[in-house]
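# Working through the structure, step by step
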Amino acid sequence: MRVNSSIKARTRVAAGLTVAALATGATAGAGPATAQPKAAPAAPPAADCSAAYRIEQKLSSGTTWRMCWRYDGKAGLVLEKISYQPKGEPKPIRVLNSARLGQIHVPYDDGNIEYDDLTGFDFAQGLMNLAPSECPGGTIKTVKVPDSWNDDPNVKGLCTTTRSRGHAYRMQGDTANKVFQAEGKDLLVYTVNQVGWYEYMTEWRFQDDGAITMNVGATGSLSWDDYDAGDGRGWPIGKGASAKSTSHSHNAFWRLDFALDGSTKNRVEQYDSTVTAPVRGQRAPTTKTTRTKVGKELAGDSKNYRWWRMVSATGKNKDGHARSYEIVPGPTTKYPGRSYTKHDVYVTQYNKCELFASHNPGNCAAGAGKSVDKWVNGQALTHPVVWMNIGFHHIARDEDQQPMPVHWQGFSIAPRDVTAMNPLTPAELGWQNGHWQPRG
Ligand SMILES: [Cu+2]
């Protein structure tokens, strides 16, 4: 913990009392985040978890997301059994068995200190009470923090709500007076966890188009204990050249255990494209895309024109195409200082004790190593687990005080052939699949 942890811990308790006093009546509960009327489901799917741990939201555009949540004593929020059901699909389509953070690694540029926030600096203990205004239109669930340091382990700390994300699509119709357009809607699930001077927002965005976007936002305050590096590794944020806040990195890891169509036997593919200048007789450059099947554990690097996808072992969409989810990396600054931060994505064979990308507390096997890079050792991938590493180099600026504006880092997974068409296609356009001919 960053030096004045006791003060921060006390602050947490005090804030807890205040919010609890204000927000009586908000208790753990099931049901949708907002009070939108829901169409009666034809056959409600069997409950995967008790009502208090269920999140189910039918978005106004017709897409339903379902999942279970739990709270881990180190990883914090863990979302499980996540399924997606766009309108027109008869049953939920399972996407993930489990989705959670895998580490937040924070090394300071002067080499004096390095934090493993999840495993070593009590990220999960630092769950913050949320005021009702922080979860507009939503529900704040009560989370029981395992082995809590506080007298009351219950924190009103899990917000589920909905948010608009602007245009989902727009298309001018055949006649000038017809415009097809719709606003995208997302289910948002988030917690705030305080670690020392920082507060991390862990946000999961379940979009009505089937994409899942996960982000960590850092706010709170710059670390009071990490100032005046004195060797050119900080940025002055006080008057004149005083108070140099030490530059540092936030390397966030996510751990995704896929289960497309309910099976963990997903296949992993990497795609690369090469662009070649025109040769004689060609009017323009050409681009060739190749697929590489990833059969064994992978330490992968993002590259121009490179992407990966997880392919369902069993499910096909109505066009007969294998369902898959594509990994869409967000902007990253890869930190080469540690073996586990040297690659952008790791794919490991599932092992129930491999839970944190670094400082893994479990004893997985003799000589197994404590970080994700060590677990990439040639095993065949019959149950691949994806570890995404997104880094941010934080050179402070005057605007970082006070409070520090949220700086976000994260990535998405996007459906590729999960449905035969855009899941939000209006009924009138449902026939326009493939190389369709305009109707006269
Ligand atoms: Cu920072």
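Since this is a predicted model, take the numbers as computed values, not measurements. (Residues numbered from 1 in each chain as written. Predicted model: local features only at pLDDT ≥ 70, side-chain atom pairs only at ≥ 80, totals over all residues.)

Scanning the protein from N- to C-terminus turns up 3 helices and 21 strands. Here the protein, with 440 residues, has 39% of them falling under the buried criterion. Residue pairs in contact within the protein that sit at least 24 positions apart in sequence constitute 64% of those at least 6 positions apart. (Helix = DSSP H or I, 4+ residues; strand = E, 2+ residues; numbered from the N terminus. Buried ≥ 20, exposed ≤ 12 C-beta atoms within 10 Å, placed from the backbone. Contact = placed C-beta atoms within 7 Å.)

Spatially, the 10 strands line up as an open sheet ordered S6-S7-S8-S9-S10-S21-S18-S17-S14-S15, and their pairing is antiparallel. On the outer flanks of this sheet lie strand S6 (139-144) and strand S15 (286-294), each paired with one strand and no other. Recorded for the sheet is a direction-independent mean angle of 25° between the axes of neighbouring strands. With 6 bridges connecting them, S6 and strand S7 (residues 154-172) associate as antiparallel partners. (Pairing = 2+ DSSP bridges. Axes fitted to C-alpha atoms, helices over the stretch in contact; angles between N-to-C directions.)

Moving residue by residue along a regular strand, the side chains alternate between the two faces of the sheet. Relative to strand S21 (residues 404-416), strand S10 (residues 212-220) is paired through 8 bridges, and the arrangement is antiparallel. Counted as the bridge partner of methionine 214 is phenylalanine 411 from S21. Note that strand S18 (residues 322-328) and S21 share 5 bridges and pair antiparallel. The residue bridging serine 324 from the neighbouring strand is arginine 416, located in S21.

Relative to the elements of secondary structure, threonine 246 occurs in strand S12 (residues 244-246). Assessed through the 24 C-beta atoms surrounding it within 10 Å, threonine 246 is described here as buried. Each C-alpha atom of the pair threonine 246 and aspartate 226 lies 5.6 Å from the other, and the pair is 20 residues apart in sequence.

Right, let's get into the UniProt feature "active site" (unreviewed entry) in the protein. Using the residue numbers shown here, the UniProt feature "active site" (unreviewed entry) corresponds to Asp122 and Tyr198. The largest pairwise C-alpha distance within this set of annotated residues, which runs over 77 residues, is 11.9 Å, so the set is compact in three dimensions. Structurally, the position occupied by aspartate 122 is in the loop between helix H2 (117-120) and S6. Positionally, tyrosine 198 belongs in strand S9 (residues 198-207). Not counting chain neighbours up to four residues away, the residues in contact with tyrosine 198 comprise Ala218 and Gly220. (UniProt positions renumbered as here; feature names shortened; annotations may be inferred.)

Membership of the largest hydrophobic core comes to 77 residues, with the highest contact counts inside it found for Val386 and Trp387. Among the elements that take part in this core, strand S4 (residues 93-107) stands out by supplying 7 residues, more than any other. (Core = buried A, V, L, I, M, F, W, Y, C linked by C-beta atoms within 7 Å.)

What follows is about unusual backbone geometry. Cis geometry marks the peptide bond from glutamine 401 to glutamine 402, where omega comes out at 5°. Its location among the elements puts glutamine 402 in the loop between strand S20 (384-394) and S21. Along the chain, glutamine 402 connects to proline 403 via a cis peptide bond; the corresponding omega equals 0°. Tracing the backbone shows proline 403 in the loop between S20 and S21. The residue alanine 243 is not glycine, and still its phi comes out positive at about 55°. Overall, alanine 243 belongs to the partly exposed group, with 16 C-beta atoms counted inside 10 Å. One non-glycine residue, aspartate 417, adopts positive backbone phi at about 70°.

With that settled, the discussion passes to the confidence of the model for the protein. This prediction gives the protein a mean pLDDT of 89; 88% of its residues lie at or above 70. Counting interchain partners and residues more than four positions distant, the pLDDT-below-50 stretch residues 1-44 has 61 contacts. (pLDDT = per-residue confidence, 0-100.)

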